[in-house]
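# A closer look at the structure
The primary structure of each chain is shown beneath.
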Amino acid sequence: NFSKMIEVDLVTKRMYAYENGQIVQTFLISAGAPATPTPVGEFHIYAKYAVQNMSGFNPNGTPYFQPHVRWVNYFTGADAIHGNYWRPLSYFGNINSSHGCVGLPDDLALWVYNWAPIGTTVITHS
(Lines give C-alpha, C1' and ligand atoms only; values in the text may rest on other atoms or scores of the structure.)
Protein backbone atom coordinates (compact mmCIF):
# COMPACT_ATOMS: atom_id res chain seq x y z
CA ASN A 1 0.00 0.00 0.00
CA PHE A 2 2.94 2.35 -0.64
CA SER A 3 3.26 4.47 -3.77
CA LYS A 4 7.03 3.74 -3.71
CA MET A 5 8.76 1.14 -1.58
CA ILE A 6 12.14 -0.56 -1.45
CA GLU A 7 12.46 -4.16 -0.24
CA VAL A 8 15.90 -5.49 0.73
CA ASP A 9 16.31 -9.27 1.06
CA LEU A 10 19.49 -9.73 3.08
CA VAL A 11 19.62 -13.50 2.46
CA THR A 12 19.27 -13.54 -1.33
CA LYS A 13 21.21 -10.24 -1.59
CA ARG A 14 18.52 -8.71 -3.78
CA MET A 15 16.74 -5.37 -3.61
CA TYR A 16 13.40 -4.57 -5.24
CA ALA A 17 11.90 -1.18 -6.07
CA TYR A 18 8.10 -1.14 -6.10
CA GLU A 19 5.81 1.52 -7.48
CA ASN A 20 2.09 1.19 -6.76
CA GLY A 21 2.61 -2.46 -5.79
CA GLN A 22 4.50 -3.43 -8.95
CA ILE A 23 8.21 -4.23 -9.15
CA VAL A 24 9.87 -1.63 -11.39
CA GLN A 25 13.51 -2.57 -10.79
CA THR A 26 15.51 -5.44 -9.27
CA PHE A 27 19.09 -5.09 -8.00
CA LEU A 28 21.93 -7.31 -6.84
CA ILE A 29 23.32 -5.87 -3.59
CA SER A 30 26.03 -6.23 -0.99
CA ALA A 31 24.60 -5.54 2.47
CA GLY A 32 25.97 -5.82 6.02
CA ALA A 33 28.64 -8.39 6.77
CA PRO A 34 27.88 -10.93 9.55
CA ALA A 35 29.84 -8.89 12.13
CA THR A 36 28.13 -5.63 11.05
CA PRO A 37 24.65 -6.62 9.84
CA THR A 38 22.11 -4.41 8.14
CA PRO A 39 19.24 -3.62 10.54
CA VAL A 40 16.03 -5.54 9.89
CA GLY A 41 12.68 -3.77 9.89
CA GLU A 42 10.64 -1.01 8.30
CA PHE A 43 12.38 2.33 7.82
CA HIS A 44 12.10 5.47 5.70
CA ILE A 45 14.68 7.38 3.71
CA TYR A 46 15.37 10.44 5.86
CA ALA A 47 18.37 12.09 4.15
CA LYS A 48 20.01 12.05 0.72
CA TYR A 49 23.47 13.15 -0.43
CA ALA A 50 24.88 13.11 -3.96
CA VAL A 51 28.37 12.51 -2.56
CA GLN A 52 29.76 12.01 0.92
CA ASN A 53 32.89 10.79 2.67
CA MET A 54 32.12 7.89 5.03
CA SER A 55 34.12 6.84 8.05
CA GLY A 56 33.79 4.76 11.17
CA PHE A 57 35.29 1.76 12.87
CA ASN A 58 35.69 -1.87 11.85
CA PRO A 59 34.63 -4.59 14.34
CA ASN A 60 38.29 -4.94 15.43
CA GLY A 61 38.42 -1.24 16.35
CA THR A 62 40.50 -0.04 13.41
CA PRO A 63 39.18 3.03 11.60
CA TYR A 64 37.98 3.08 8.01
CA PHE A 65 37.59 6.01 5.63
CA GLN A 66 35.81 5.76 2.27
CA PRO A 67 35.97 8.98 0.22
CA HIS A 68 33.48 10.18 -2.37
CA VAL A 69 30.66 7.69 -1.82
CA ARG A 70 27.94 8.54 -4.34
CA TRP A 71 24.15 8.52 -4.33
CA VAL A 72 23.58 8.10 -0.58
CA ASN A 73 20.05 7.44 0.77
CA TYR A 74 20.02 7.14 4.59
CA PHE A 75 17.20 4.97 5.93
CA THR A 76 18.17 4.39 9.59
CA GLY A 77 20.97 5.70 11.77
CA ALA A 78 24.22 5.57 9.79
CA ASP A 79 22.88 2.95 7.36
CA ALA A 80 22.16 3.93 3.77
CA ILE A 81 21.55 2.60 0.29
CA HIS A 82 24.48 3.95 -1.73
CA GLY A 83 26.94 3.42 -4.52
CA ASN A 84 29.85 1.11 -3.81
CA TYR A 85 32.70 1.67 -6.27
CA TRP A 86 35.38 -0.12 -4.22
CA ARG A 87 33.92 -3.64 -4.47
CA PRO A 88 34.17 -5.74 -7.63
CA LEU A 89 30.90 -6.43 -9.45
CA SER A 90 31.20 -10.08 -8.38
CA TYR A 91 30.33 -9.06 -4.78
CA PHE A 92 26.85 -7.83 -5.67
CA GLY A 93 24.33 -10.62 -5.20
CA ASN A 94 27.00 -12.84 -3.65
CA ILE A 95 28.80 -11.34 -0.64
CA ASN A 96 27.47 -9.15 2.16
CA SER A 97 30.49 -7.02 3.02
CA SER A 98 29.41 -3.63 4.41
CA HIS A 99 29.20 -2.06 7.86
CA GLY A 100 25.39 -2.26 7.59
CA CYS A 101 24.74 -0.22 4.47
CA VAL A 102 23.18 -1.58 1.28
CA GLY A 103 25.66 -1.19 -1.57
CA LEU A 104 25.02 -1.07 -5.29
CA PRO A 105 27.17 -0.31 -8.32
CA ASP A 106 27.23 3.48 -8.77
CA ASP A 107 25.05 3.53 -11.91
CA LEU A 108 22.27 1.61 -10.16
CA ALA A 109 22.63 3.67 -6.99
CA LEU A 110 22.06 6.76 -9.14
CA TRP A 111 18.78 5.24 -10.35
CA VAL A 112 17.64 4.68 -6.73
CA TYR A 113 18.78 8.17 -5.70
CA ASN A 114 16.75 9.77 -8.49
CA TRP A 115 13.71 7.50 -8.05
CA ALA A 116 13.24 7.39 -4.25
CA PRO A 117 12.36 10.66 -2.51
CA ILE A 118 12.85 11.34 1.19
CA GLY A 119 10.14 9.41 3.03
CA THR A 120 10.29 6.34 0.78
CA THR A 121 9.65 3.18 2.81
CA VAL A 122 12.56 0.72 3.05
CA ILE A 123 11.80 -2.78 4.35
CA THR A 124 14.77 -5.01 5.14
CA HIS A 125 14.42 -8.69 6.05
CA SER A 126 16.38 -11.91 6.42
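As the structure is a prediction and not an experimental result, all values here were calculated from the model.

Quick look at the sheet that holds strand β2 (residues 14–19) now. In space, the five strands of this open sheet follow the order β3-β2-β1-β9-β4, with mixed pairing throughout. Taken across any chain shown, the strands that pair with only one partner, and hence form the sheet edges, are β3 (22–28) and β4 (41–44). In this sheet, neighbouring strand axes are inclined to one another by 20° on average, regardless of whether the strands run parallel or antiparallel. Inspection of the sheet shows strand β1 (residues 4–9) paired to β2 by six bridges, in the antiparallel sense. Bridging from a neighbouring strand, Asp9 pairs with Arg14 of β2. Across the face of the sheet, helix α1 (residues 106–115) comes into contact with β1, β2 and β3 while running at roughly 145° to β3.

Here we have four strands laid out as an open sheet, ordered β5-β6-β7-β8, and mixed in their pairing. Both outer strands of the open sheet, β5 (47–57) and β8 (102–104), are each paired with one neighbouring strand and no more. Taking each pair of neighbouring strands and ignoring which way they run, the sheet shows an average axis angle of 40°. Of the pairings in the sheet, the one linking strand β7 (residues 79–83) to β8 comprises three bridges and is parallel in character. From the neighbouring strand, Gly83 faces β8, where its bridge partner is Leu104.

Further remarks concern unusual backbone geometry. Glycine aside, residues mostly have negative phi, and peptide bonds are mostly found in the trans state. Residues other than glycine seldom take positive phi values, yet Asn20 does so here, at roughly 50°. Here Asn20 shows up in the loop between β2 and β3. You can call Asn20 exposed: its relative accessible area is 60%. With a phi angle near 55°, His68 is a residue other than glycine that sits in the positive phi range. Inspection of the secondary structure assignment puts His68 in strand β6 (residues 63–76).

Another point: the pairing of strand β9 (residues 121–125). With five bridges connecting them, β1 and β9 associate as parallel partners. Residue pairing for β9: Ile6 is matched across the bridge by Val122. In terms of strand pairing, β4 meets β9 through four bridges, oriented antiparallel. Paired with His44 across the bridge in β9 is Thr121.

Attention now moves to the environment of Leu104. Relative to the helices and strands, Leu104 is located in strand β8. With 11 residues separating them in the primary sequence, Leu104 and Gly93 have C-alpha atoms 9.6 Å apart. With near-sequence residues (within four places) excluded, Leu104 lies in contact with Met15, Phe27, Leu28, Ile29, Ile81, His82, Gly83, Asn84, Phe92, Ala109 and Val112.

Conventions we followed
Residues numbered from 1 in each chain as written. Predicted model: local features only at pLDDT ≥ 70, side-chain atom pairs only at ≥ 80, totals over all residues. Heavy atoms only, no water. Pairing = 2+ DSSP bridges. Helix = DSSP H or I, 4+ residues; strand = E, 2+ residues; numbered from the N terminus. Axes fitted to C-alpha atoms, helices over the stretch in contact; angles between N-to-C directions. Contact = heavy atoms within 4.5 Å. Buried < 20%, exposed > 50% of the residue type's maximum accessible area, 1.4 Å probe, protein only.

None of this, on its own, says anything about what the molecule does.
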